[in-house]
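Coordinate inspection notes
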Amino acid sequence: MTDSTGEDTEALVAALLDRYGTTYGEELGIDLARNTPSALFRWLCASILMSARISSENAMRAAKALADAGWTTAERMAASTREERVSVLNANGYARYDESTARMLGEDAGMLLGKYDGDLRKLREKAGGEPAALRALLKAFKGIGDVGAAIFCREAQAAWGELYPFADRKALSSAKKLGLPDDAESLSKLVCTTEFPRLAAALVRCDLANDHDAVRNAAEM
């Protein structure tokens, strides 16, 4: 499929954003652009949940439940018991991984407190503005591998400019299916800087819904 150009591309991007342009952070009520310890910690937890072999709907439901339980900082998560975390995850669509994930969330909160005083901005400082170093440090958390680090960076770029422009493999694969550029640098030129995390999330959502044809049809109307 050849790349769309000009007005066709604009219409396609507009249709995509109209249909799927809510970031996962926004859906969870996380304002990542504020760059606060709580927002970043909540997004780290969401990235752990979303990178497991489970539906995005169940992962989001579980992430919301963690916040509803009050575990919105590393301190509060670390103060919860494994049994409490298992109960919340089990009741919110995460039964298959409740034991292992409950353990990881507690251990990761403890590591974040021990190494970075509960503040992921200090991890960012340690990375020294190097995206590769940042991803490597993120992968030290249990439950965060290449996929989890990519999910984290995809929306954290709203606050951490050194990550921009970042699009993970799923977003780039989706872009290719739509006939859009399949590299982050070229994709970033289609929207303003602040809109790029929305575009990346929209591409992922479209791919998960297998809805590329509907987006193309909407762009042609």
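Sequence order as written defines residue numbering, which begins from 1 separately in each chain. Per-residue local features are limited, in this predicted model, to residues with pLDDT of at least 70; the limit for side-chain atom pairs, both in listing and counting, is 80 or more; totals at the level of whole chains, interfaces and linings are taken over all residues. The side-chain numbers reported here are obtained from all heavy atoms of the structure, hydrogens and water having been left aside.

Considering the overall build of the protein chain
Selection criterion: Numbering of helices and strands starts at the N terminus; helices are DSSP runs of H or I of at least 4 residues and strands are runs of E of at least 2. Note that the radius of gyration is over C-alpha atoms, with the globule rule given as 2.2 Å times the number of residues to the power 0.38.
When helices and strands are tallied, the protein chain shows 14 helices and 0 strands. Along the protein chain, helices and strands appear, N-terminal first, in the series α-α-α-α-α-α-α-α-α-α-α-α-α-α. Over its C-alpha atoms the protein chain spans a radius of gyration of 18 Å, differing by no more than 12% from the 17 Å that the globule rule assigns to 221 residues. Considered along the principal axes of its C-alpha atoms, the protein chain spans approximately 55 × 40 × 25 Å.

Topic: the pattern of salt bridges
Side chains carrying opposite charge are able to pair once their charged atoms draw close together. The test is simple: Note on definitions: salt bridges are taken to be side-chain nitrogens of Lys or Arg within 4 Å of carboxyl oxygens of Asp or Glu. Categorising residues by exposure relies on relative accessible area from a 1.4 Å probe, with only protein chains included: less than 20% of the type maximum marks a residue as buried, more than 50% marks it as exposed, and the intermediate range marks it as partly exposed.
For the coordinates displayed, the defined rule picks out 16 salt bridges. Across the pair E162 and R124 runs a salt bridge whose closest N-O atoms are separated by 2.8 Å. A residue pair is termed long-range when its members are at least 10 positions apart, and E162 in the loop between α10 (146-156) and α11 (169-178) and R124 in helix α8 (residues 120-127) qualify at 38 residues. With a closest N to O distance of 3.3 Å, K189 and E185 form a salt bridge. In this structure K189 comes out as exposed when scored by relative accessible area, which is 62%. Through salt bridges with shared partners, a single ionic network connects E27, K64 and R205.

With respect to empty space enclosed by the protein
The line we're drawing: Put simply, the grid is 1 Å and covers the protein atoms alone, a cavity is a trapped set of points that fit a 1.4 Å probe, a pocket is an open set with protein on both sides within 12 Å along at least five of seven lines, and lining residues have an atom within 4 Å of a point. Grid points are joined across faces, edges and corners, and a volume is the space filled by probe spheres set on the points.
Summed over the entire model, instances satisfying the criterion amount to 1 cavity of 30 Å³ or more. Reported here for the largest cavity is a volume of approximately 60 Å³. Around the largest cavity, the lining residues are L28, I30, F41, R42, C45, A46, A63, L66, A67 and W71. Those elements giving two or more residues to the lining of the largest cavity turn out to be α3 (37-50) and α4 (56-68). Looking at the lining of the largest cavity element by element, the count peaks at 4 residues for α3.

Let's talk about helix α9 (residues 131-138)
For clarity, the cut-off: It is the directions from the helix axis to the C-beta atoms that the arc portrays. Any two residues whose heavy atoms approach within 4.5 Å at even a single point are treated as in contact.
Listed in full, the buried residues belonging to α9 are L134, L137 and L138. Across the axial projection of α9, the buried residues extend over an arc of 100°, all falling on one side. Check the buried side of α9 and you find it contacts α3, α7 (98-116), α8 and α10.

Considering the environment of G114
Summarising the element assignment, G114 is placed in helix α7. The sequence separation of G114 and K170 amounts to 56 residues, and the corresponding C-alpha distance is 33 Å.

Points about the layout of surface pockets
Quick note on the threshold: Polarity classes work like this: nonpolar for Ala, Val, Leu, Ile, Met, Phe, Trp, Tyr, Cys and Pro, charged for Asp, Glu, Lys and Arg, and polar for all others, with Gly in that last group.
By volume, the largest pocket amounts to about 470 Å³. Forming the boundary of the largest pocket are 20 residues, of which M50, V147, I151, D168 and K170 lie nearest the centre. Considering each element in turn, the lining of the largest pocket owes the most residues, 5 residues, to α10. Among the residues making up the lining of the largest pocket, the classes are represented as 10 nonpolar, 3 polar and 7 charged. Size it by volume and the second largest pocket reaches roughly 260 Å³. As for the second largest pocket, its lining consists of 16 residues, of which A33, E155, A158, T194 and P197 are closest to the centre. Counting only elements with at least two residues in the lining of the second largest pocket, the list comes to α2 (24-27) and α13 (196-209). Taken together, the residues of the lining of the second largest pocket break down into 6 nonpolar, 6 polar and 4 charged.

Topic: the packing of aromatic side chains
Here is the rule: When two rings of Phe, Tyr or Trp (its six-membered ring) have centres within 6.5 Å they constitute a pair, described as stacked for plane angles under 30 degrees, edge-to-face for angles over 60, and tilted for the intermediate range.
Evaluation of the coordinates by the stated rule reveals 2 aromatic pairs. Between F152 and W160 the ring centres are 5.7 Å apart and the planes differ by 55°, which places this aromatic pair in the tilted class. Given a relative accessible area of 0%, F152 falls into the buried group.

Distances and angles like these do not, on their own, reveal function.
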